[in-house]
Amino acid sequence: DGGITQSPKYLFRKEGQNVTLSCEQNLNHDAMYWYRQDPGQGLRLIYYSQIVNDFQKGDIAEGYSVSREKKESFPLTVTSAQKNPTAFYLCASSKSNEQFFGPGTRLTVL
Amino acid sequence: GIQVEQSPPDLILQEGANSTLRCNFSDSVNNLQWFHQNPWGQLINLFYIPSGTKQNGRLSATTVATERYSLLYISSSQTTDSGVYFCAVVSGGSNYKLTFGKGTLLTVNP
């Protein structure tokens, strides 16, 4: 079954801890993206990667890091430097211009 | 960067009514997508429509790129149409980054 999977669905973190959110796609898409959504808002771009072993910062990259070692995978690490990490995180991928989204991970910092 | 404005911010309908959602953008675009975000947060692709008109069942969309707006039409609305509708664009200079509007919250009452 083709698609984009994200795990975990819900994640709780203590302040000062780093956490890694998983994003996997089996659509053979070249580009992958991470977005953040805050309540009542649209999505904002954190990082994106157009090809393996290459990625670029989006609008709100501070406090986040990514890697792209495989075409299928684009994990996002939320570091302790991120001041307000509680949010809904969505991963997306695209082959041409149209982007498709995974189901998201809700991160709560306690 | 490009600005995306959606209107109205909130819309309440009775089942069976029709509605029009609007998306204005401030610059030329390479890509325009409409999404429906369901109550679980999943973003469902409705249309990829940088220009022209498309229809899918009860939904249709029109983008007039020269006048920098897009419209989403929902006919014979159903309670399952409830949720947030987002317009998102890729501006001419950014290649891949989707910039989202703040969305229209649609509530369809039985």
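Calculation rules
- Residues numbered from 1 in each chain as written.
- Chains lettered and ligands numbered in written order.
- Predicted model: local features only at pLDDT ≥ 70, side-chain atom pairs only at ≥ 80, totals over all residues.
- Heavy atoms only, no water.
- Helix = DSSP H or I, 4+ residues; strand = E, 2+ residues; numbered from the N terminus.
- Buried < 20%, exposed > 50% of the residue type's maximum accessible area, 1.4 Å probe, protein only.
- Contact = heavy atoms within 4.5 Å.
- Salt bridge = Lys/Arg side-chain N within 4 Å of Asp/Glu carboxyl O.
- Disulfide = S-S within 2.5 Å.
- Pairing = 2+ DSSP bridges.
- Core = buried A, V, L, I, M, F, W, Y, C linked by side-chain atoms within 4.5 Å.

Re unusual backbone geometry
Peptide bonds are mostly trans, and most non-glycine residues show a negative phi.
Next, step 1: Residues Ser7 of chain A and Pro8 of chain A are joined by a peptide bond in cis, for which omega reads -5°.
Next, step 2: Among the structural elements, Pro8 of chain A can be located in the loop between β1 (4-7) and β2 (10-13).
Next, step 3: With an omega dihedral of -5°, the bond running from Ser7 of chain B to Pro8 of chain B counts as a cis peptide bond.
Next, step 4: Inspection of the secondary structure puts Pro8 of chain B in the loop between β1 (4-7) and β2 (10-14).
Next, step 5: Look at Asn53 of chain A: it is not a glycine, yet its phi comes out positive at around 65°.
Next, step 6: With respect to the element layout, Asn53 of chain A can be found in the loop between β5 (43-51) and β6 (54-57).
Next, step 7: The residue Arg68 of chain B is not glycine, and still its phi comes out positive at about 60°.
Next, step 8: Secondary-structure assignment places Arg68 of chain B in the loop between β7 (59-64) and β8 (69-74).

Here we look at the environment of Gln6 of chain A
Residue and element names in this part refer to chain A.
Next, step 1: Here Gln6 is to be found in strand β1.
Next, step 2: For Gln6, a relative accessible area of 10% gives the class buried.
Next, step 3: The spatial distance from the C-alpha of Gln6 to the C-alpha of Glu72 is 12 Å, given a sequence separation of 66 residues.
Next, step 4: If near-sequence neighbours (up to four positions away) are discounted, Gln6 is found in contact with Ser22, Trp34, Tyr89, Leu90, Cys91, Gly102, Pro103, Gly104 and Thr105.

Examining the pattern of salt bridges
Next, step 1: Under the defined criterion, the tally for this structure stands at five salt bridges over all chains.
Next, step 2: For the salt bridge of Asp38 of chain A with Arg44 of chain A, the shortest nitrogen-to-oxygen distance reads 2.8 Å.
Next, step 3: Owing to a relative accessible area of 17%, Asp38 of chain A belongs among the buried residues under this scheme.
Next, step 4: Exposure remark for Arg44 of chain A: the relative accessible area of 38% places this residue in the partly exposed category.
Next, step 5: Between Lys97 of chain B and Asp59 of chain A there is a salt bridge whose closest N-O contact spans 3.0 Å. Placement of Lys97 of chain B in the loop between β9 (83-91) and β10 (99-100) and of Asp59 of chain A in the loop between β6 and β7 (64-66) is noted, with the two residues assigned to different chains.
Next, step 6: Owing to a relative accessible area of 51%, Asp59 of chain A belongs among the exposed residues under this scheme.
Next, step 7: When salt bridges with common partners are traced through the structure, they connect Arg36, Asp38 and Arg44 of chain A into a single cluster.

Let's talk about the state of the cysteines
Next, step 1: By the definition in use, this model includes two disulfides over all chains.
Next, step 2: A disulfide bridge connects Cys23 of chain A with Cys91 of chain A, and the sulfur atoms are separated by 1.8 Å. The sign of the S-S torsion, about -70°, decides the handedness of the disulfide formed by Cys23 of chain A and Cys91 of chain A: left-handed. Within this pair, whereas Cys23 of chain A is found in strand β3 (residues 19-25), its partner Cys91 of chain A is found in strand β9 (residues 87-94), the two being separated by 68 residues in sequence. The pair Cys23 of chain A / Cys91 of chain A is uniform in exposure class, with both members buried.
Next, step 3: The residue that forms a disulfide with Cys23 of chain B is Cys87 of chain B, at a sulfur-sulfur distance of 2.0 Å. Between Cys23 of chain B and Cys87 of chain B the disulfide shows an S-S torsion of about -60°. By sign, it is left-handed. Taken together, the positions of Cys23 of chain B in strand β3 (residues 19-25) and Cys87 of chain B in strand β9 put the pair 64 residues apart, joining distant regions of the chain.

What about the pairing of β3 of chain A?
All names here are of chain A.
Next, step 1: By the alternation rule, side chains of β3 split into Val19, Leu21, Cys23 and Gln25, which are all buried, and Thr20, Ser22 and Glu24, of which none is buried.
Next, step 2: Judged from the four bridges that link them, β1 and β3 form a sheet pairing that is antiparallel. By the bridge assignment, Thr5 is partnered in β3 with Glu24.
Next, step 3: As defined by bridge partners, β3 adjoins strand β8 (residues 76-78) across three bridges and the pair is classed as antiparallel. Residue Thr20 lies in a different strand from β8, and its bridge partner there is Thr77.

Quick look at the nonpolar core
Next, step 1: In terms of nonpolar packing, the biggest core is built from 22 residues, with Trp34, Leu72 and Val89 of chain B touching the most fellow members.
Next, step 2: Contributing elements (two or more residues each) for this core: β2, β3, β4 (29-37), β5 (43-48), β7, β8, β9 and β11 (104-109) of chain B.
Next, step 3: With sequence-adjacent residues up to four places away left out, Leu72 of chain B is seen in contact with Ser19, Thr20, Leu21, Trp34, Leu46, Phe47, Ser60, Ala61 and Tyr85 of chain B.
Next, step 4: Residues Leu11, Leu21, Ile60 and Ala61 of chain A belong to the second largest nonpolar core, which totals 20 residues.

Fair warning: the whole summary comes from geometry, so function is off the table for now.
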